[in-house]
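Close look at the chain arrangement
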Amino acid sequence: MGYEESINKQYGKSNLGAQILDTLRSKGIDTAKEIQETLAPIEELHLRGMSATLELIQESGLTKNMNVLDVGCGIGGSTRILVSKVGCKVIGIDLCEEFCRAAGLINEHLGYADNIEIHQGDALDMPFANGTFDVIFIQHVLMNIENKNQLFSEVYRLLRPKGRLALNTICAGSISPVYFPVIWANNPSISFLLPPKKLRQLIRNSGFKELLWRDDKKKVLKEIEVRRSKPPSNKPRPISLDLIVANTREKWKNIVLNLKEERIVVIQGVFERI
Ligand SMILES: C[S@@+](CC[C@H](N)C(=O)[O-])C[C@H]1O[C@@H](n2cnc3c(N)ncnc32)[C@H](O)[C@@H]1O
């Protein structure tokens, strides 16, 4: 199986967008506000979800009307935050066809179609002109990309001078191997984790000045602990992550174990294109 097929198999549940909207409708959740509130805890497929995105927005200095590219945008959760909270103009690109279709459908349903464009394609060869973007977001995507040199050369090409790269990623920890399956890979064939030191050097060598580099592992574990210590809600969620990601329980259990045993770490970084 080729790389693109493997990524689509990893993430792409068939007819996902319609399934999400139909499930919400069947539970009487129909207005844009209700849909947005219900999707908020599950539509961003990275650790600490919306909190991490809001932090990156602030740390990368994003302001209204900036042109932003969200690389590996998934079902478009972060693209909608970038529009609704900041007023950016956003393009999302993702290799997974079902995710792109779902993102497009949800955006249209919620009235975002004029501010967000979704493209299906590979981050290693993106169909945009040089210097198009003020900021490029990449959240929890590097783990699937082996040729990171090519990725950062594309990011460099697409950013205007002094444009910024806002990064949130999982890196290799001090212990190996990683326990699989995890959200980004069911096995090592599409998992390409670099140690933080190597990744940091690679980005600097690709023409970027570092503005922020932070290990968020402790913060992530603390948040998980706090959530677990709360009594279970007696009001079941109308929609769960299982609808979007297969085998969520086992993948989540492995991610927590990988974090606790230092097999993975979580890095948030901001870089400026020189
Ligand atoms: C763990 S998900 C994160 C999605 C989104 N960034 C978020 O945080 O909600 C990883 C995403 O990266 C996408 N992806 C992986 N490799 C890619 C590539 N080479 N080009 C574009 N997208 C890619 C996957 O299809 C998937 O949607």
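Read on for an overview of the structure. Once a new chain begins, its residue numbering starts again from 1 and follows that chain's sequence as written. The model is predicted, so local features are restricted to residues of pLDDT at least 70 and side-chain atom pairs to those at 80 or more, both for listing and for counting; the totals for chains, interfaces and linings are taken over all residues.

**A word on the overall build of the protein**
Short version of the rule: Think of it this way: any DSSP run of H or I at least four residues long counts as a helix, any run of E at least two long counts as a strand, and we number them from the N terminus. As defined in this context, the radius of gyration uses C-alpha atoms, and a globule is described by 2.2 Å times the residue total to the power 0.38. Whether a residue is buried, exposed or partly exposed is read from the other C-beta atoms within 10 Å of its own C-beta, which are placed from the backbone; 20 or more gives buried, 12 or fewer gives exposed, and intermediate counts give partly exposed. Once C-beta atoms are placed from the backbone, any two residues with those atoms within 7 Å are in contact.
Across its full length, the protein carries 10 helices and seven strands. Relative to the compact-globule value of 19 Å for 274 residues, the protein shows a C-alpha radius of gyration of 18 Å, a close match. Viewed in the frame of its principal axes, the protein has a C-alpha envelope of about 50 × 45 × 40 Å. Burial status across the protein gives 41% buried among its 274 residues. Once local pairs closer than 6 in sequence are excluded, the contacts in the protein between residues at least 24 apart make up 78%.

**Quick look at unusual backbone geometry**
Following Ser 176, the chain continues to Pro 177 via a peptide bond in cis, the omega torsion being 0 degrees. Going from Phe 180 to Pro 181, the amide bond is cis rather than trans, its omega being 0 degrees. Examined against the element boundaries, Pro 181 turns out to sit in the loop between strand E5 (159–172) and helix H8 (196–205). Phi at His 140 takes a positive value of approximately 55 degrees, unusual for a residue other than glycine.

**Observations regarding the site of the ligand**
Inclusion rule: Residue proximity rests on one test: whether the C-beta atom, placed from the backbone, lies within 6 Å of the molecule or strand. Amino acids outside the nonpolar list (Ala, Val, Leu, Ile, Met, Phe, Trp, Tyr, Cys, Pro) and the charged list (Asp, Glu, Lys, Arg) are all regarded as polar, and Gly is one of them.
Gly 72, Gly 74, Cys 96, Ala 123 and Asn 144 are the nearest of the 25 residues found near the ligand. Going through the elements one at a time, helix H1 (3–11), helix H5 (77–86) and strand E2 (89–94) are the ones with two or more residues in the shell around the ligand. Grouping the constituent residues of the shell around the ligand by class yields 14 nonpolar, eight polar and three charged.

**What to know about the sheet that holds strand E3 (residues 116–120)**
This is how it is decided: In this analysis, strands are considered paired if DSSP registers two or more bridges between them. In this analysis an axis means a line fitted to C-alpha atoms, helices contributing only their contacting stretch, and an angle means the value between N-to-C directions, from 0 to 180 degrees.
Across the sheet, which stays open at both edges, the seven strands sit in the order E3-E2-E1-E4-E5-E7-E6 with mixed pairing between neighbours. On the outer flanks of this sheet lie E3 and strand E6 (208–215), each paired with one strand and no other. Averaged over all pairs of adjacent strands, the angle between strand axes in this sheet comes to 15 degrees, irrespective of strand direction. Note: strand E4 (residues 133–139) against E5, six bridges, orientation parallel. Within E5, the residue paired with Ile 136 across the bridge is Leu 165.

**Digging into the environment of Asn 186**
With respect to the element layout, Asn 186 can be found in the loop between E5 and H8. For the pair formed by Asn 186 and Ala 113, sequence separation is 73 residues and the distance between their alpha carbons is 33 Å. Beyond its immediate sequence surroundings of up to four residues, Asn 186 is in contact with Gln 10, Phe 180 and Pro 181.

**Overview of the nonpolar core**
For clarity, the threshold we go by: Linking buried Ala, Val, Leu, Ile, Met, Phe, Trp, Tyr and Cys residues through C-beta atoms within 7 Å yields a set, and such a set is a nonpolar core.
Val 68 and Ile 136 are the most contacted members of the largest nonpolar core, which has 77 residues in total. Counting residues per element, this core draws most heavily on E5, at seven residues.

**A word on the environment of Ala 166**
Examined against the element boundaries, Ala 166 turns out to sit in strand E5. The buried category is assigned to Ala 166, around which 26 C-beta atoms lie within 10 Å. Put simply, Ala 166 and Glu 59 are 107 residues apart on the chain and 8.1 Å apart in space, counted from C-alpha to C-alpha.

**Details of the packing of helix H4 (residues 49–59) against H5**
Selection rule: By the definition adopted for this analysis, an angle is roughly parallel if under 35 degrees, roughly antiparallel if over 145, roughly perpendicular if from 65 to 115, and oblique otherwise. Helix crossings fall into two classes, left-handed where the near helix is turned counterclockwise from the far one by less than a right angle and right-handed where it is turned clockwise.
Their axes nearest at 11 Å, the elements H4 and H5 cross at an angle of 55 degrees. One way to sum up the angle between H4 and H5 is to call them oblique. Of the two possible hands of crossing, H4 and H5 adopt the one that is right-handed. Residue-level inspection shows Met 50, Thr 53, Leu 54 and Ile 57 of H4 in contact with H5, the latter providing Ser 78, Ile 81, Lys 85 and Val 86.

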